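Here is how the chains run, residue by residue.
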Amino acid sequence: MVGISTELFEKVFEEGKFAKCICKLDGEILNFNKSFKELFQISEYENVLGNLVNLINIFSNTPITLEDFIASNSERKQGRLLMQNPSKGESVIDYDSICFNANGISIFLLTLEDVTQKILEKKDLLFSQQRLQLITDTLGMGVWDFDFVHHSYYLSDNVYSIFDITKKEFLNDPAIFSKIIHPDNLKEYKEKWQIGKDNGGRYELYTRIITKNNIIKNIHINGLFLNENNQKPNRFIGSVIDVTKTKENEAALIIERNTYKNLSFQFEEAKSNLQSLLDNFSNTSIWSIDKNYCLIAGNDFFRLEHHKYFNRWISKGDNIFDPNFAPTEMVEYWKPLYNRAFKNESFTIEYEILGNVFIVSFNPIIVNGEVLGVSIFGQDVTAERKVNEELKFNEERWKFALEGNNYGLWDYSIKENTFFFSPICNMILGYDSDEVIFPTIEHWTKNIHPDDLKNTITIYHQLLKGEIQSFVLELRVKTKDGAYKWILDRGKVFDFDNDGKASRIIGLFIDISARKEAESKVNNYLVSLEKFAQITSHSLRLPVANIIGIANLIEDEISFNEIQSLNKSLKISALQLDEVIKEMNEAITFVYNGKKNSKQTKVSTVWFIDDDEINNMLSERMMKKHFPDIKASSFLFAKDALNLLSERKEELPDAIFLDINMPEMNGWDFLEVFEKQDFTIPIYMLTSSIDPKDQEKAHQFSTVKDFISKPLKEDRLKILIK
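I will try to describe carefully the structure that is included in this document. Computed from a predicted model, the values in this text were never measured in an experiment.

## Examining the packing of helix 22 (residues 638–647) against helix 23 (residues 667–676)
1) Next: Their axes nearest at 10 Å, the elements helix 22 and helix 23 cross at an angle of 10°. As summarised for this structure, helix 22 and helix 23 are arranged roughly parallel, according to the angle between their axes. For the pair formed by helix 22 and helix 23, the contact residues are Ala638, Leu642 and Leu645 on the first element and Phe670, Val673 and Phe674 on the second.
2) Next: The residue inventory of the contact of helix 22 with helix 23, partitioned by class, reads six nonpolar, no polar and no charged.

Structural data, given as structure tokens:
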């Protein structure tokens, strides 16, 4: 880039809030300020920053060339273009360009201002001002406002009364007025109407109408065809007054003789009515000044506000900038604004003073093409801004509450048959946040699980009939991948139509799939507990009772043959008891499904750690019977086995069978110390416990290979050991 002096850069670029750049005549950008960078989003389009033409081609919707910016002989070039901003949409940009020489280089300074919001505010304010002006000109008359472009209409109640029609009749047939005009006056009415629609300007007509009751009235129509941007008129603002009685009761001679008197009276009355009307605006300052900055008129609110902020009661004819009252900073701020309006410019600004915010509109007063003064409307929007901020805060608070709890929000318009689903609803069902998932009620019902559809439709019909106004429903809804999720759907009628029927329903959308899954597990658990209770209350007691009875008989003096018979019965009862224990295990397997698949381990030495001497003896005998080459050792205390492991690390066993419930150090304590010492010996939990929680806990230890219920049996032993 070609540099320019620091002084010039600070003066040109840092003043004001407008986007500015300095370019060569071929469009090369030499320098630009911060606002220019923000306007064109330079950080995203750095590759085209070098030349203004490239930026215009990307952003502008208006046919424009580089020559449109280049002025000759230090003159200015001004204009307006439409710019498509990817993040803000279409914007209206005013530009101002001036050429000059700097260090022998011909360059031009381009200033750009985004006036989109100003135009919208100006248009709204202009409409309000025009209506206000006509009302003040024609107090007591009917007033209308026709917008030909948007087909919108405003008619005061007095209009309907004068023409003896209803609002409904007008809405059904907007051309009804031409049908009421007296046939003798119809031609003049149509001609003047067509001229006004084609060329704009004032419209005035005295005519007769025939009402639907065949009453002839004399009316006076007075209006104005408005056009914007020098295009064909797009609005007609007018008034109408019934002058029938005036025509009937006043003779032409009396009217002519008293014309001046009546006009003077009407003028004074209009002034009085206008002042009363202006004073009724409790939060709007309305005033006007002449070209000498002297007050022409001002309402009460303006005088009060002026006294509040400048400690001065101002009257008609007083100079706004009287040095005895007006602070220097006030003159420096307001005088350039009045001067802009004196140059036939209408504009709106935002003004803040002592914590209050005003929207101030400046409009030139034009008489016979000459600007003779300025009218100003200043509306205090402080309370409105506060309300808007509170509404925004409340909206963000509710949004945070909903999103923080993962609650989706939906809104259904029954009349339009359209659904709105918040991004949380989309997320719950697996869709992107901006996807339209269920645009109508038909799309919604197609994605409800068939088993839940009938109940959903019943509730919907009850809402339509007014039988209920709210509901809570649990149903399954299809997700994007085709699966179903359980949803808690809460809804309430939010609005009603003229017949009292529901027209809008708003509700919450909550994912309860996890809760439903937990409920299913609890139900399975209850079923298993019922089965478990049945086993323990009946099946378990029978073999235990048999074993106790046989043991009592053995204590008596009996023969050898009887002992053999009783021993056989004892074995049968023990096997029955073992089968019952298996059934008990099966009844609770739902709790823990993480059982490891045991593999055969080749061993030569086995340790049994259990405080039950009988179980140790039975386990050793079982091992010697089926694996006579394996050396088996028993420990009644887990701490003794752990000490021996630490002392004789070179003579470690190939497998350990470990009980859980033991004195001093139980099986869990043993495993904690065992794994910290990095032993890799496979351990098999050999216990009388059938608690599934013990199974789950055991398999959390990496060295535990299986969980075996006592006693150790031949078939189980052959699965584990080679």
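## Some thoughts on the nonpolar core
1) Next: By size, the foremost hydrophobic cluster in this structure holds 27 residues, and its most contacted members are Ile289, Ile320, Trp334, Tyr338, Val360 and Phe362.
2) Next: Listing elements by their share of this core, those giving two or more residues are strand 11 (284–290), helix 12 (300–310), helix 13 (328–342), strand 13 (347–353), strand 14 (356–367) and strand 15 (370–380).
3) Next: With six residues, helix 13 is the largest single contributor of residues to this core.
4) Next: If near-sequence neighbours (up to four positions away) are discounted, Tyr338 is found in contact with Trp287, Ile289, Tyr293, Ile320, Phe321, Phe362, Val374 and Ile376.
5) Next: Core analysis: the next-biggest nonpolar cluster, separate from the first, contains 26 residues, Ile437, Trp444, Ile448 and Ile487 among them.

## Notes on helix 17 (residues 450–465)
Along an α-helix, residues three or four positions apart point the same way, because every turn accommodates 3.6 residues.
1) Next: If you check helix 17, its first and last C-alpha atoms are 24 Å apart, about what 16 residues at 1.5 Å a residue would give, namely 22 Å.
2) Next: Here helix 17 has its buried residues at Asp452, Thr456, Ile459 and Leu463. Viewed end-on, helix 17 has its buried residues packed into an arc of 65°, placing them on one side of the element. Of the exposed residues in helix 17, those oriented more than 90 degrees away from the buried face are Pro450, Lys454 and Lys465.
3) Next: Of the surrounding secondary structure, the elements contacted by the buried residues of helix 17 are helix 16 (441–446), strand 18 (470–478), strand 19 (484–496) and strand 20 (502–511).

## Side note on the packing of aromatic side chains
1) Next: One pass over the structure, following the stated rule, counts 41 aromatic pairs.
2) Next: Between the aromatic rings of Tyr412 and Phe419, the centroid separation amounts to 4.5 Å while the plane-to-plane angle is 25°, which identifies the pairing as stacked. As far as burial versus exposure is concerned, Tyr412 and Phe419 are alike and both buried.
3) Next: Judged by centre distance (6.1 Å) and plane angle (80°), the ring pair of Phe421 and Phe509 falls under edge-to-face. Of this pair, Phe421 sits in strand 17 (residues 418–421) while Phe509 sits in strand 20, placing them 88 residues apart in sequence.
4) Next: Since its relative accessible area comes to 11%, Phe421 is described here as buried.
5) Next: Judged by relative accessible area, Phe509 falls into the buried class, the value being 0%.
6) Next: Among the aromatic residues, those joined into a cluster by ring pairs are Trp287, Tyr293, Phe302, Phe321, Tyr333, Trp334, Tyr338, Phe342, Phe347, Tyr351 and Phe362.
7) Next: For Lys516, the ring lying beneath its charged end belongs to Trp486, and the centroid distance is 4.4 Å.

About the criteria used
- Residues numbered from 1 in each chain as written.
- Predicted model: local features only at pLDDT ≥ 70, side-chain atom pairs only at ≥ 80, totals over all residues.
- Heavy atoms only, no water.
- Axes fitted to C-alpha atoms, helices over the stretch in contact; angles between N-to-C directions.
- Helix = DSSP H or I, 4+ residues; strand = E, 2+ residues; numbered from the N terminus.
- Parallel < 35°, antiparallel > 145°, perpendicular 65-115°, else oblique.
- Contact = heavy atoms within 4.5 Å.
- Nonpolar A, V, L, I, M, F, W, Y, C, P; charged D, E, K, R; others polar.
- Core = buried A, V, L, I, M, F, W, Y, C linked by side-chain atoms within 4.5 Å.
- Buried < 20%, exposed > 50% of the residue type's maximum accessible area, 1.4 Å probe, protein only.
- Expected span 1.5 Å × (residues − 1).
- Arc of directions from axis to C-beta.
- Phe/Tyr/Trp six-rings, centres within 6.5 Å; stacked < 30°, edge-to-face > 60°.
- Lys NZ or Arg CZ within 6 Å of the ring centre and 35° of its normal.

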